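Commentary on secondary and tertiary structure
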Amino acid sequence: MNYQDVGLTAQEFAMICDKLGRTPNALELGLFGVLWSEHCSYKSSKNLLADLPHEGSAVVQGPGENAGVVRLNDAIHVAFKVESHNHPSYVEPVQGAATGVGGILRDIVAMGARPIALADSLRFGTDAASQSLRHAVVEGVGAYGNAIGIPTVTGEVAYASGYEKNPLVNVMAVGLLPAERPISARGAKPGSYLVLLGQPTGRDGIHGASLLASQDFGEGTEHMRPTVQVGDPFMGKLLMEATLEAVGTGLLDSVQDLGAAGLTSAIAELAYRSEVGATVWLDQVPCREPGMTPYEIMLSETQERMLLVVRPSNMEQIIQIVAHWELPYQVIGVITGEKVLTIATEEDPAAAVVAPDVLAGACPLKPVPQDWAAEVRKTAEISPEFTPLTWEREWGLEVLGSLDCMSRAPIYQRYDSMILTHTVWGPDHSLAVLTVKGVEEGLAVAVRGPGRYAARDAYSGGMAAVARVLALLASQGAVPLGLTDGINAGNPDKESVFRDLMALLAGIGDASRAFGVPVTGGNVSLHNETHGEPIWPTAVIGAVGRHPHPLRPVLDAPETSGLDIVWINPSGDAALGGSVFESLRQETTAYPRPDLARLAETYRVISSVAQSADHLTAIRPVEDGGLFVALSRALLASPPSLGMTVELSADTAASQLFTEVAGQFLVFCPPETAGRLESAFGQWPGAFMRLGRVTGDGTLTIAAKKSVHYGRVELERTYARGYRG
Amino acid sequence: MTFNVVVDVAWKEEILDPAGQSTAKVLQQMGYAADNLRIGKQIRFQLQAPDVAQAETAAREMAQRLLANPVMETYAVRVVAE
Amino acid sequence: MRVGVISFPGSNCDQDTLSALGALGVEAVPLWYGEKSLAGVDRLVLPGGFSYGDYLRSGALAARAPVMETVERAIRDEAMPVLGICNGFQILCERGLLPGALRPNASGEFLCTWETVRVASVPLGFEGLAAGDLLRMPIAHHEGAFSVEPGGLAPLFQNGQVFLQYSDSVGQVHALTNPNGSVANIAGVSQGSVTGLMPHPERAMADYLGSVDGRKLLRGWLGEGDR
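Criteria and thresholds
- Residues numbered from 1 in each chain as written.
- Chains lettered and ligands numbered in written order.
- Predicted model: local features only at pLDDT ≥ 70, side-chain atom pairs only at ≥ 80, totals over all residues.
- Heavy atoms only, no water.
- Helix = DSSP H or I, 4+ residues; strand = E, 2+ residues; numbered from the N terminus.
- Rg over C-alpha atoms; globule rule 2.2 N^0.38 Å.
- Contact = heavy atoms within 4.5 Å.
- Areas by Shrake-Rupley, 256 points an atom, 1.4 Å probe, with all protein chains shown as cover.
- Lys, Arg positive; Asp, Glu negative; His and termini not counted.
- Charge placed at Lys NZ, Arg CZ, Asp CG, Glu CD.
- Buried area = accessible area lost by both parts, 1.4 Å probe.
- Salt bridge = Lys/Arg side-chain N within 4 Å of Asp/Glu carboxyl O.
- Polar contact = N/O pair within 3.5 Å; in protein donor to acceptor, adjacent residues only side chain to side chain.
- Nonpolar A, V, L, I, M, F, W, Y, C, P; charged D, E, K, R; others polar.
- Axes fitted to C-alpha atoms, helices over the stretch in contact; angles between N-to-C directions.
- Parallel < 35°, antiparallel > 145°, perpendicular 65-115°, else oblique.
- Left-handed = near helix turned anticlockwise from the far one by under 90°.
- Buried < 20%, exposed > 50% of the residue type's maximum accessible area, 1.4 Å probe, protein only.
- Phe/Tyr/Trp six-rings, centres within 6.5 Å; stacked < 30°, edge-to-face > 60°.
- Lys NZ or Arg CZ within 6 Å of the ring centre and 35° of its normal.
- Pairing = 2+ DSSP bridges.
- pLDDT = per-residue confidence, 0-100.
- Disulfide = S-S within 2.5 Å.

**Comments concerning the overall build of chain A**
Looking only at helices and strands, one finds 23 helices and 28 strands in chain A. Taken against the 2.2 N^0.38 rule, which gives 27 Å for 725 residues, the C-alpha radius of gyration of chain A at 26 Å falls within 12% of a compact globule. Expressed as lengths along the three principal axes of its C-alpha atoms, the size of chain A is roughly 85 × 50 × 45 Å. Residue pairs at least 24 apart in sequence account for 85% of intrachain contacts in chain A once pairs closer than 6 positions are excluded. A total of about 23,800 Å² of accessible surface is found on chain A, and carbon and sulfur atoms cover 51% of it. Charged side chains in chain A number 53 positive and 80 negative. The centres of these two groups are separated by 4 Å.

The structure is reproduced here in structure tokens:
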């Protein structure tokens, strides 16, 4: 085996030899291969991620751990993170998606937090094969989440041909932990045992996450297909309960889940973060298959395993817990004071000897050009703007019934969204509102990843992703506590892809700074390309907010007639760049760059209106499909007798109905609230528009020179079944 | 001619079978010495074909393309003239 | 009153069920499936979830657990009231303590939705529920299509064993209101002191969750009524 076989470059290999003071043996080379892979080391993105804001008053734990942690109140902290399982989900969609859910849940559990919610963000192509893939991926997400008993409370899905061979499966998990619980992945003390818990180790997914997710798909990758990892949510449930019970005793030094690169990553990370060493007795690792080599055991990605670090004096109590949950376990090693990781087998007590900080902390990072940030923030190239001069009744239905806008019920009804009985708003709303047992404050949870907005201008798209998700929190008056970023892009070794990646992250960074919300961790998935075609750079942003009164979410649809219909559009711009409407006409112009300062001010006002909302006011962020879809969805969510009449000027109606520029809100409110909004937004031309009124005629009427009517049944059918479906 | 086709689909040896594992455990708790239990699928159907060779070819193709997932399953095909 | 809630490995609605019972003011006791005695409880709930991962068939593996012998004896000897919710219903059918079986949903998919069910016959010991009452509760299952052997349906109706049927919002029971392919829209059945249902009353305990009808059902089972 040489360095190319494990995916290292000549330069990286030279550096390893230099750090070790010798040539690594085959096993050591294997360990470096996985840990210095893109997937484990983040070597292409780490320098870019460092630019994101990580500090904030609510932050307890920023990036670098298994998940970020923020403060809900003095007693309760929230652990949350998004993770991708894109490549495995293309190879085997049901198991790939299922093990993705299992993996992110174990990350949360490893933080000592009990998972309480899942949110999924999916991307598929538009061809028939992609629809079967979606069916299988949804099956997989549900199979794991439903069985382990964690509700999938919100999510999103979008479609574009670029995702055909590179579907995205990003899942965010949220968990709660008591404020006094120490963050647990860095407490390993010399003399403590490494206890491996859960599924016996098989040849599952060797190189799956590391190599497979670190290379592009193409002709040459067929032979690389590893043994598919099969998810076992039943074992996952037992593992979760046992780990949380063990953490609850306060007797564990440390916990680390086993994910990508299996034992190698778990032990190296653990030792590196705890600033200790470890000796692993490889013959002690329980194996599912006979004859597994040290290399295979160290790299196996068998699911449903957890590593506990336990002082010898605490072993008895911990083992009792593990035995109650009927989990297989084995002591496989010991923590040492000297910062050396030794892999020992019966034949060779020094089969591999490497310092954890070399293995887990020394991978050379891809340098970024000196003034990259200024470079990518340069004004976007002006593409010819796409402006229809008329508007047709049919266009509304086309957009509402498009793949990107139509009802997600066929997806989310396959997820248990109600188990644990804290889901006040589930997936039939644009964001989730959850109660937290025993306290007044609740959680607002949302996820958005508008790839379309980054197609032409990744910087704009990065800003918009953050703006989109935070608009949802603002509409509830929820205080954002933190963000998690799921970055998905193509091959970073290509200049164009890397440039997009830089721009995307600059956008996320600028937006989160402007809104004052920190990014506490996330995931980067690169090499999402097939035959040289990368996906759109796609930033999936998850947000967690503190909801002031979760038992009474602010309405998102009117419940009484007579209310004013107000459209807030802070930019006053109605460009169609990046919109669904535009994409249906095969156009792609650049997404208008958001004015972040103005958006931040807008969200402050909307949030304060939401916080003081009477029981009549309804607020709905304008999202995919623009104002038309927002009006239609609000109508469908309101009592059957209600209707809406809005007036627009004929020559701008199409742009106004379908623009997706950032920061728009649709507000249904009594005149006093409309007045308050008018005085707040009147300063910006075109930012405040009183569009019309909620009526009692059950119809959506759009008056733009002529009056056009949409019946509730027609809208309902189009939303449920698609355009002409 | 009509042929009866039986396709047995099984997990590849190296693939984890959680359902089989749990079922074996309960059988053991019930006092049976069952071990290495794997759960597969059996698919039966009828097929029109000119002769047994062509029926087998078609059945194999169906197993390969749809009935089994070659990423993690193996299959065996039996074809018997009615 | 002491109500035991039996958890099997993989049960996941046990905590929700314990809190729902607690909210109704009864002493709710968690029981692990490995325990030999029923700890002197007056009633038992088999909660929802994925006991043994729903492997082989939903409920099949849990139905063979030793604790089920004890449960069976308590039903036979003391007419112990037992309520099976979702996976608990599946376990009771697999054990033969309730008639019928639960097949995979007609769609072949897991389904989590709000449903209205109509009370067909009030099982033994329930208070405050009457035939024709409508209850709105969520379902969340992959295998919830109730089925019986040929000829088995008529006796169920004749004996008043059909407890709940999926209906529309005004109580009409027809094919369009059948979410999962259950025979005769059956959502719950009873046999002596044993009752099973697919909907989750423990998830319909407060207005903010969407319905309080689960309270009515559980109170009814506890023999307390809600009227």
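Moving on from the coordinates now.
**Comments concerning the interface of chain B and chain A**
In this assembly, ten residues from chain B lie in contact with 16 residues from chain A. Looking only at chain B, the three residues that lose the most surface to chain A are E14, L16 and V71 of chain B, adding up to 47% of its buried area. Counting every contact that joins chain B to chain A gives one salt bridge. Remark: the boundary between chain B and chain A carries four residue pairs in polar contact (both at pLDDT 80 or more). By residue class, the composition of the side of chain B that touches chain A is five nonpolar, three polar and two charged.

**Quick look at the packing of helix α19 (residues 596-611) of chain A against helix α22 (residues 671-681) of chain A**
All names here are of chain A. Axis separation between α19 and α22 bottoms out at 11 Å; the angle between their running directions is 165 degrees. Classified by the interaxial angle, the pair formed by α19 and α22 is roughly antiparallel. Classified by chirality, the crossing of α22 by α19 is right-handed. On α22, the residues that touch T602, V605, I606, S608 and V609 of α19 are T673, R676, L677, A680 and F681. Each residue belonging to the contact of α19 with α22 can be placed in one class, and the counts come to six nonpolar, three polar and one charged.

**So, the pattern of salt bridges**
Residue and element names in this part refer to chain A. Here the structure, examined in full by the defined rule, presents 51 salt bridges over all chains. We note a salt bridge from E241 to R114, for which the minimum N-O separation is 2.8 Å. Here the residue E241 occupies a position in helix α8 (residues 233-248), and R114 occupies one in strand β4 (residues 114-124), the gap between them amounting to 127 residues. Between D624 and R452 there is a salt bridge, with its nearest N and O atoms 2.4 Å apart. Here D624 is found in the loop between β23 (618-621) and α20 (626-636), whereas its partner R452 is found in the loop between β16 (442-448) and α16 (458-474), with 172 residues between them in sequence. With a relative accessible area of 22%, D624 lands in the partly exposed category. In the salt-bridge network here, residues are joined through shared partners; they are D404, R448, R452, R468, E623, D624 and E660.

**Overview of the packing of aromatic side chains**
With the rule as written, the count across this model stands at 21 aromatic pairs over all chains. On the numbers, 5.9 Å between centres and 55 degrees between planes, the contact of F681 of chain A with W684 of chain A is tilted. W684 of chain A carries the same exposure label as F681 of chain A, and that label is buried. With centroids separated by 6.1 Å and ring planes inclined at 15 degrees, the aromatic side chains of F89 of chain C and F146 of chain C adopt a geometry described as stacked. With F89 of chain C in helix α4 (residues 87-94) and F146 of chain C in strand β8 (residues 145-147), the pair connects residues that are 57 residues apart, well separated along the chain. When its relative accessible area of 0% is taken as the criterion, F89 of chain C is described as buried. By way of ring pairs, the aromatic residues F234 and W325 of chain A together with F8, W32, Y33, Y52 and Y55 of chain C are connected into one cluster. A cation over an aromatic ring shows up here: R585 of chain A above the ring of W395 of chain A, its NZ or CZ 5.0 Å from the ring centre. Stacked on the ring of W221 of chain C, the Lys or Arg R43 of chain C has its end atom at 4.9 Å from the ring centre.

**Here we look at the interface of chain A and chain C**
Contacts between the two partners involve 28 residues from chain A and, on the opposite side, 25 residues from chain C. Buried area between chain A and chain C, both sides added, is near 2,200 Å², and the carbon and sulfur share of it is 61%. One can count two salt bridges joining chain A with chain C. Between D416 of chain A and R203 of chain C there is a salt bridge, with its nearest N and O atoms 2.9 Å apart. For the side of chain A that touches chain C, the secondary structure elements donating two or more residues are α7 (128-148), α8 and β14 (423-425) of chain A. Sort the elements by how many residues they give to the side of chain A that touches chain C and α7 of chain A lands first, with five residues.

**Brief notes about the sheet that holds strand β5 (residues 152-159) of chain A**
All names here are of chain A. On the basis of which strands lie adjacent, the open sheet formed by six strands has the order β1-β2-β3-β6-β4-β5 and mixed pairing. On the outer flanks of this sheet lie β1 (59-61) and β5, each paired with one strand and no other. Strand-to-strand twist in this sheet, taken as the mean axis angle between neighbours without regard to direction, amounts to 20 degrees. Of the pairings in the sheet, the one linking β1 to strand β2 (residues 68-71) comprises two bridges and is antiparallel in character. Bridge pairing in β2 links Q61 to V69. Lying over the sheet, α7 contacts β4, β5 and β6 (168-178), oriented at roughly 175 degrees with respect to β4.

**A few points about unusual backbone geometry**
Located in the positive-phi region is E304 of chain A, a residue other than glycine, with phi close to 55 degrees. Tracing the chain through its elements places E304 of chain A in the loop between α10 (294-299) and β10 (305-310). For E304 of chain A, a relative accessible area of 0% translates into the label buried. Unlike most non-glycine residues, N36 of chain B shows phi in positive territory, near 50 degrees. Residue placement: N36 of chain B occurs in the loop between α1 (18-29) and β2 (41-48). Judged by its relative accessible area of 70%, N36 of chain B is exposed.

**Considerations on the environment of G149 of chain A**
Topologically, G149 of chain A is positioned in the loop between α7 and β5. A sequence separation of 34 residues divides G149 of chain A from P115 of chain A, and the C-alpha atoms of the two residues are 9.5 Å apart. Leave out the neighbours within four places in its chain, and G149 of chain A touches I419 and L420 of chain A together with N12 of chain C.

**Examining the confidence of the model for chain C**
Predicted confidence across chain C gives a mean pLDDT of 96, with 99% of residues reaching 70 or more. The complex prediction reports pTM at 0.95, with the ipTM value standing at 0.97.

**Concerning the packing of helix α14 (residues 393-400) of chain A against α20 of chain A**
Relative placement of two packed helices is described by the angle separating their axes and the distance separating the axes. All names here are of chain A. With their axes 9 Å apart at the nearest point, α14 and α20 run at an angle of 75 degrees to one another. As summarised for this structure, α14 and α20 are arranged roughly perpendicular, according to the angle between their axes. Judged by residue contacts, G396, L397, V399 and L400 of α14 engage F628, V629 and S632 from α20. Class assignment for the residues of the contact of α14 with α20 results in five nonpolar, two polar and no charged.

**A few points about the state of the cysteines**
Applying the stated rule across the entire model yields zero disulfides over all chains. C363 of chain A provides the cysteine sulfur closest to C17 of chain A, a residue in no disulfide bond, and the two sulfurs are 14 Å apart. In this model C93 of chain C remains outside any disulfide bridge; the closest cysteine sulfur is found in C86 of chain C, 11 Å from its own. The buried category is assigned to C93 of chain C, whose relative accessible area is 9%.

**Some points on the pairing of strand β27 (residues 699-704) of chain A**
All names here are of chain A. For β27, a buried count of six out of six residues is recorded, marking the element as mostly surrounded by other parts of the structure. Of the two faces of β27, the one lined by T699, T701 and A703 and the one lined by L700, I702 and A704 are each fully buried. Where β27 meets strand β28 (residues 706-711), six bridges bridge the pair, whose relative direction is antiparallel. Across the sheet, T699 pairs through a bridge with G711, a residue of β28. With antiparallel pairing between neighbouring strands as the criterion, β27 and β28 make up a hairpin whose turn holds one residue, including K705 at a positive phi of roughly 70 degrees.

**A closer look at the side chain of T152 of chain A**
Residue and element names in this part refer to chain A. Relative to the helices and strands, T152 is located in strand β5. T152 gets classed as buried once you look at its relative accessible area, which sits at 2%. Those residues within four positions of T152 in sequence are excluded, and the remaining contacts are L118, D120, Y415, D416, S417 and P427.

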